[in-house]
Amino acid sequence: MSVRPEIQARLDALDEMLAHWLAQVRHPAQFWPQFEMLAAEILDQCTYTERVQARARIEAMLKRHALELPPWHERDDSPPPRKPGE
């Protein structure tokens, strides 16, 4: 399954910004909060099945720049718990 076109467009934009950010940022601590916020916004708009592909795309774009997600970036992307009676 592929991601919706609007999710793909946001991932493409994030990928394009990545090289520019890395060239401009003075210290990695300045980069991660911005990147994590934008990546989280994209993941939050994904359906559960799209998240796997979106997360893989984010990890691949970071890997191309020799970066890894910091441990605090790990998100719980499991489906929300069902409420009683649902």
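As shown above, the structure is provided for reference.
Residues numbered from 1 in each chain as written. Predicted model: local features only at pLDDT ≥ 70, side-chain atom pairs only at ≥ 80, totals over all residues. Heavy atoms only, no water.

**Brief notes about the pattern of salt bridges**
Taken as a whole and assessed by the stated rule, the structure comprises six salt bridges. A salt bridge links glutamate 6 to arginine 4; the nearest nitrogen and oxygen atoms lie 3.3 Å apart. Residue classification places glutamate 6 among the partly exposed positions, given a relative accessible area of 44%. Look at arginine 4 and you get partly exposed, because its relative accessible area is 30%. Its salt-bridge partner being arginine 10, residue glutamate 41 comes within 3.4 Å of it at the nearest N-O pair. Taken together, the residues glutamate 41 in helix α2 (residues 28–45) and arginine 10 in helix α1 (residues 5–24) connect sequence positions 31 residues apart. (Salt bridge = Lys/Arg side-chain N within 4 Å of Asp/Glu carboxyl O. Buried < 20%, exposed > 50% of the residue type's maximum accessible area, 1.4 Å probe, protein only. Helix = DSSP H or I, 4+ residues; strand = E, 2+ residues; numbered from the N terminus.)

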